[in-house]
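Secondary and tertiary structure notes
One-letter residues, chain by chain:
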Amino acid sequence: MEKLIDKAEVLIEALPYIRRFYNKTIVIKYGGHAMVDNDLKVNFALDVILMKYVGFNPIIVHGGGPQIGKVLEKMGKPSKFIDGMRVTDLETMDIVEMVLVGKINKEIVGLINHHGGQAVGLSGKDGRLIMAKKLDIIKQKNGTDAPEIIDIGMVGEVESINPNVIEALDRNKFIPVIAPIGIGNQGETYNINADLVAGKIASALRAEKMVLLTDVEGLLDGKKRLISTIDSKKVRKYIKDGIISEGMIPKVTCCLDALTEGVVKTHIIDGRVKHALLLEVFTDVGVGTEIVM
């Protein structure tokens with residue numbers, strides 16, 4: 001009986017969060033180990049399905065860098081990165097699109113549907129969802145020379161998001177699963193960082209939350225302790241002081257941009273934890289780090 005009562009208390013703890021986020025949009029960037037481990041993949045699908053059934057509007061934006069790298073390696077095409085961005089020539093772009101849209105996207109959709117959800121796969125080309133332009137990396141050599149523009153191929157940045165496609169799916173109780181592929185004004189295809197796409201989609205929809213699943217606990221302070229909640233001012237200070245560094249900087253920058261553009265809260269959580277999404281959304285303590293304005 002005590003175990004049953006404990007289960008009831010868990011449901012009661014979740015009640016205020018169900019009430020608060022009912023009919024609200026939550027954008028989830030799905031990546032890292034949670035996309036590779038079979039048990040975690042199933043847990044993620046179940047988490048999203050539950051969120052949908054209790055009245056939330058979850059939207060998934062997925063990555064796929066390691067999977068793309070493996071396919072390129074099998075095809076004898078080495079991967080090259082500049083400032084963390086994959087150099088993407090036309091042939092590589094075809095492979096990126098094939099892996100992201102034709103393989104990973106359909107696997108996620110299939111898993112959600114298999115476990116009782118209703119998911120629909122999209123890329124930025126569908127309904128002109130993600131309009132993009134070419135991203136050039138600009139480097140300043142020194143104070144006197146002109147800046148150097150580095151061409152990294154068909155890598156893009158988001159120009160605009162057309163929310164109509166996503167909103168139509170939400171109204172009809174579908175879960176959108178979006179591959180981070182954009183389309184240019186001339187119909188060209190662009191590979192875009194999934195964190196950036198998630199942030200722009202969250203901003204366009206004025207999402208209640210944006211959640212980035214990662215392979216780390218969250219943000220750590222100067223003593224390597226997990227930060228539960230942090231505001232944008234302190235985040236900028238930690239970046240300046242070097243406490244937040246390297247690969248975490250683009251993620252927190254994405255969160256700060258989303259907050260500035262109208263998203264209520266952003267989260268960086270450990271996707272290696274079983275049911276990390278539910279723990280973040282439905283419990284008092286949560287997991288990972290919450291970043292607020």
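Sequence positions are assigned chain by chain, starting from 1 and proceeding in written order. Local features in this predicted model are restricted to residues whose pLDDT is 70 or higher, and side-chain atom pairs enter the listing and the counts only when it is 80 or higher, whereas totals over whole chains, interfaces and linings include all residues. Excluded from the side-chain calculations are hydrogens and water; all other atoms, namely the structure's heavy atoms, are used.

1. Some thoughts on the overall build of the protein
Numbering of helices and strands starts at the N terminus; helices are DSSP runs of H or I of at least 4 residues and strands are runs of E of at least 2. Scanning the protein from N- to C-terminus turns up nine helices and 14 strands. Only C-alpha atoms enter the radius of gyration; for comparison, a globular chain is expected to reach 2.2 Å times N to the power 0.38, where N is the number of residues. For 293 residues, the compact-globule estimate of 2.2 N^0.38 gives 19 Å, and the protein sits close to it at 19 Å. Projected onto the principal axes, the alpha-carbon positions of the protein cover approximately 70 × 45 × 35 Å. When the 293 residues of the protein are sorted by exposure, 49% land in the buried category. Of the roughly 14800 Å² of accessible surface on the protein, a fraction of 55% belongs to carbon and sulfur atoms. Counted as positive: Lys and Arg. Counted as negative: Asp and Glu, with His and the chain ends omitted from the count. Every charge is mapped onto a representative atom, which is NZ of Lys, CZ of Arg, CG of Asp or CD of Glu. When the 38 positive and 38 negative side-chain charges of the protein are each reduced to one mean point, those points stand 2 Å apart. Each residue's exposure class comes from its accessible area (1.4 Å probe, protein chains only) as a fraction of the maximum for that residue type: buried when under 20%, exposed when over 50%, partly exposed otherwise. Accessible areas in this description were obtained via Shrake-Rupley with a 1.4 Å probe; residue shielding takes into account the shown protein chains only.

2. So, the nonpolar core
In terms of nonpolar packing, the biggest core is built from 82 residues, with I201 and I291 touching the most fellow members. With 10 residues, helix α4 (residues 90–114) is the largest single contributor of residues to this core. Contact between two residues is taken to exist if any of their heavy atoms lie within 4.5 Å; hydrogens are not considered. Apart from the residues within four sequence positions on either side, I201 is in contact with V27, I59, V61, I161, I166 and I178. Nine residue types can take part in a nonpolar core, namely buried Ala, Val, Leu, Ile, Met, Phe, Trp, Tyr and Cys, and a core is a set of them joined through side-chain atoms within 4.5 Å. Of all hydrophobic cores here, the second largest spans six residues; its members include I82, I137, I152 and V155.

3. Some points on the confidence of the model for the protein
Note: pLDDT gives the predictor's confidence per residue, expressed from 0 to 100. With 97% of its residues at a pLDDT of 70 or more, the protein has an overall mean of 90. Taking the mean pLDDT of every element in the protein, the minimum, 80, falls on helix α1 (residues 2–21) and the maximum, 97, on strand β8 (residues 175–179).

4. Some words on the pattern of salt bridges
Definition used for salt bridges: Asp or Glu carboxyl oxygen within 4 Å of a side-chain nitrogen of Lys or Arg. Taken as a whole and assessed by the stated rule, the structure comprises 14 salt bridges. Residue D89 pairs with K77 through a salt bridge whose shortest N-O separation is 3.1 Å. With D89 in the loop between β4 (85–86) and α4 and K77 in the loop between α3 (65–74) and β3 (81–82), this residue pair connects regions lying 12 residues apart in the sequence. With relative accessibility at 36%, the residue D89 sits in the partly exposed group. The exposure class of K77 is buried, given its relative accessible area of 17%. One salt bridge connects K134 with D151, and the closest N-O pair in it is separated by 2.7 Å.

5. A few points about the sheet that holds strand β2 (residues 57–62)
Strands sit in the order β5-β8-β2-β1-β11-β13-β14-β12 across an open sheet of eight strands; the sheet is mixed. Lying at the two open borders of the sheet, with one neighbouring strand each, are β5 (119–123) and β12 (229–231). Direction aside, neighbouring strands of the sheet carry axes that sit 20 degrees apart on average. The pairing criterion is simple: DSSP has to find at least two bridges between the two strands. Bridge count between strand β13 (residues 265–270) and strand β14 (residues 289–292): three bridges; the pairing is antiparallel. The residue bridging T266 from the neighbouring strand is I291, located in β14. Helix axes use the C-alpha atoms of the stretch in contact, all axes being lines fitted to C-alpha atoms, and the angles between their N-to-C directions lie in the range 0 to 180 degrees. Sheet strands in contact with helix α8 (residues 248–260) are β1 (25–30), β11 (209–214), β13 and β14, and its direction is about 155 degrees off that of β13.

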